[in-house]
Structure formats: C-alpha cells, structure tokens
Amino acid sequence: MRPDGSLDLEGAKALARHLVDQGHDGLVVNGTTGESATLTSRESIEMVAVVADAVGDRAAIVAGVGSNNTAHSVDMAARARDAGATGLLLVSPYYNKPTQPGLVAHCRAVADTTDLPVMLYDIPGRTGIPFASETLVQLAEHPRILAVKDAKGDQWASTKVMAATDLLYYSGADEVNLALLAQGAVGVVSVVGHVAGREYAGMVAAVDRGDLPAAREIHRRLIPAVDAIMSTSQGAIMAKAALVELGVIEHATVRLPLVESPPEHLEILRRGLKEAGLL
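Note that the structure is predicted; figures quoted are calculated from it, not measured. (Residues numbered from 1 in each chain as written. Predicted model: local features only at pLDDT ≥ 70, side-chain atom pairs only at ≥ 80, totals over all residues. Heavy atoms only, no water.)

Observations regarding the pattern of salt bridges
Oppositely charged side chains can pair when the atoms bearing their charge come close.
For step 1, the next point in the chain: One pass over the structure, following the stated rule, counts 13 salt bridges.
For step 2, the next point in the chain: A salt bridge links Lys152 to Asp122; the nearest nitrogen and oxygen atoms lie 3.0 Å apart. With Lys152 in the loop between strand S5 (145-150) and helix H7 (155-164) and Asp122 in strand S4 (residues 118-122), the pair connects residues that are 30 residues apart, well separated along the chain.
For step 3, the next point in the chain: For Asp122, a relative accessible area of 2% puts it in the buried group.
For step 4, the next point in the chain: Of the charged contacts, one joins Arg221 and Glu217 as a salt bridge, the two residues approaching to 3.0 Å between their closest N and O atoms. Here the residue Arg221 and the residue Glu217 both occupy positions in helix H10 (residues 212-221), the gap between them amounting to four residues, near one helical turn.
For step 5, the next point in the chain: A single network of salt bridges, built from pairs that share partners, joins Glu245, Glu267 and Arg270. (Salt bridge = Lys/Arg side-chain N within 4 Å of Asp/Glu carboxyl O. Helix = DSSP H or I, 4+ residues; strand = E, 2+ residues; numbered from the N terminus. Buried < 20%, exposed > 50% of the residue type's maximum accessible area, 1.4 Å probe, protein only.)

This is the structure:
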C-alpha cells in the first residue's frame, strides 16, 4: 500500500515476482492473515488480477474468498477465477459460528461455483469455528476440495485426517512447519516465507528426500526470524516491515485497525532477521 492507504499495484506486482524468484511455487492473494478484511471486493479482485498478470504461469495464484456470508464467497470465487486465480483458499465462516453441517454446506457451495481446486483454511483461533475431523473427511469427498491449510494447533487431529483422506496438507503456522511436514504435509502457506522463501523451499525438499537433519537445521536457523515476525505484534504488520528492511517493498503501510510497527518492534525484527541470516 502507499502511504495514503491506497493500493500500490506496481509494488504488488514487484513483490509477486520477487517471491516467485525466491522459490515460491504459489502465491496466496487476499489471505486472512494479511489485509483482505480491509479491502473492498473490487480491490480484492484487482489484486488477484495484477498478481496473476505479474507472474503468469510461473506460480499458482490462490485467491482467498472466505467470508461468513456464503453468497459473498460464491460471488468472489467466480470473480477471482475470471481475474486469473488458479485456486481458492476458503476459511471457515467467522463470528457467526455455523454448525458443522452448515460448514459442509458452505464449503460445498463455494467449491461448486467454479472448476478451481479449493484449499480449506482451518484456523479456529481466528474464526471461532474449527473444521471437525469428521467434517474434513466428509469434505474430502468433493472432487475439487483438495487441500487444507492447517493452523488448528492440533497435530494429532491433523495426522488422523491425513491418514484417512487424500487431502493435501499445508502448514499454516510457521512455528510448526517442520512438525507438520514430518507428519505428511506437502508444503507451507507461510508468513515468514515472505523473507525466507528459499529456506522454506529447502526445508520442504529436505523432508521430501528424507533428510530430516537438513530440514531441522533450517528450522532451527529460522527461529529468530519466526519469533520476530510472528510473536512481536501481528503477522501482516511485521511481514511488511521485514520486506521494507530487505528493500523489497517501499512502504510498510497497513490499514486500520492495524498500525505500523513502533521502533522497539523494528529493532527486534532487525535482530531476528540478522540472527537468522536473512538480513
């Protein structure tokens, strides 16, 4: 964003190209850890379009279309597809806390809207409603519901769903990336990955080839950066600040109710990035 809070579309394009150059094979646009909540629908679709245009077929473009209004999610799914999205990220409806049958109906309605693959986003700490294991098993029967971004914090439940279904699991919490990969997750949807794309790509590759010591070395080396970005204030705030520190984006502007990092947080961030070998 520009200092006045308007969208910096050229900056978004440059960031998208940078991330792909740094090892990302997919980009989530309008993720809920970011600032999708404070974008208008028009701005959200515009962001999908510019990112898709910037990277072409070099990476998957996964558009966040989650809402606690199913009709809105359905509409955004269709519009995101038309704007160039190649996949959808669907968080559980927040605040109104549907029942599990309602959650199933919501996800099926969105998945039925387009021919795009759908990644469910399980993060009850933010939404107030988890995907029950039985619900995930049921939703796995849908031909386009293929993956889960897992930030539930219940690794035993996750491993049981992985064992019972063909759902592709992605770690949605950088603190447990290695743990979930070791249990069978196939990748990460990462905040810290904004500044550690090559490192996390290396971790995934190491686990895939059975080299747990190499993956563990990367995991431990990144501890200071994960702590600085994820434990200091809020992920989007700190990720933008980190990208400014690395010279990737020009401004760390966020929209209210988020506010930019104070000097003491920036000092923690710089120290964490240096200790992790990223700055």
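Picking up after the structure, the text goes on.
So, the pairing of strand S2 (residues 60-64)
For step 1, the next point in the chain: Of all the five residues making up S2, four are buried; the element is thus mostly covered by neighbouring parts of the structure.
For step 2, the next point in the chain: Two elements, strand S1 (residues 26-29) and S2, share four bridges in a ladder whose sense is parallel. The residue of S2 that forms the bridge with Leu27 is Ile61.
For step 3, the next point in the chain: The β-α-β motif built from S1, the intervening helix H2 (residues 41-55) and the parallel element S2 has right-handed crossover chirality.
For step 4, the next point in the chain: With three bridges connecting them, S2 and strand S3 (residues 87-91) associate as parallel partners. Within the sheet, the bridge partner assigned to Gly64 lies in S3 and is Leu89.
For step 5, the next point in the chain: As a crossover connection, the stretch from S2 through helix H3 (residues 70-83) into S3 is right-handed. (Pairing = 2+ DSSP bridges. Right-handed = clockwise from strand over helix to strand, strands pointing away.)

Focus: the side chain of Glu35
For step 1, the next point in the chain: Take Glu35: it is sitting in the loop between S1 and H2.
For step 2, the next point in the chain: Not counting chain neighbours up to four residues away, the residues in contact with Glu35 comprise Met1, Lys240, Thr253, Val254, Arg255 and Leu258. (Contact = heavy atoms within 4.5 Å.)

Considering unusual backbone geometry
For step 1, the next point in the chain: Geometrically, the link from Leu256 to Pro257 is a cis peptide bond, its omega value of 20 degrees lying close to zero.
For step 2, the next point in the chain: Structurally, Pro257 is set in the loop between helix H12 (235-245) and helix H13 (263-275).
For step 3, the next point in the chain: Positive phi is not limited to glycine here, since Asn30 has a value of about 70 degrees.
For step 4, the next point in the chain: Looking at the secondary structure, you find Asn30 in the loop between S1 and H2.
For step 5, the next point in the chain: A residue is classified by how much of its surface remains accessible, and Asn30, at 13% relative accessible area, is buried.

Remarks on the UniProt feature "site: Part of a proton relay during catalysis" (unreviewed entry) in the chain
For step 1, the next point in the chain: As annotated by UniProt and renumbered to match this structure, "site: Part of a proton relay during catalysis" (unreviewed entry) occupies Thr32 and Tyr95. Maximum C-alpha separation among the annotated residues is 13.9 Å over a sequence range of 64 residues, consistent with a single clustered spot.
For step 2, the next point in the chain: Mapped onto the elements, Thr32 comes out in the loop between S1 and H2.
For step 3, the next point in the chain: By secondary structure assignment, the location of Tyr95 is in the loop between S3 and helix H4 (100-111).
For step 4, the next point in the chain: The exposed category is assigned to Tyr95, whose relative accessible area is 74%. (UniProt positions renumbered as here; feature names shortened; annotations may be inferred.)

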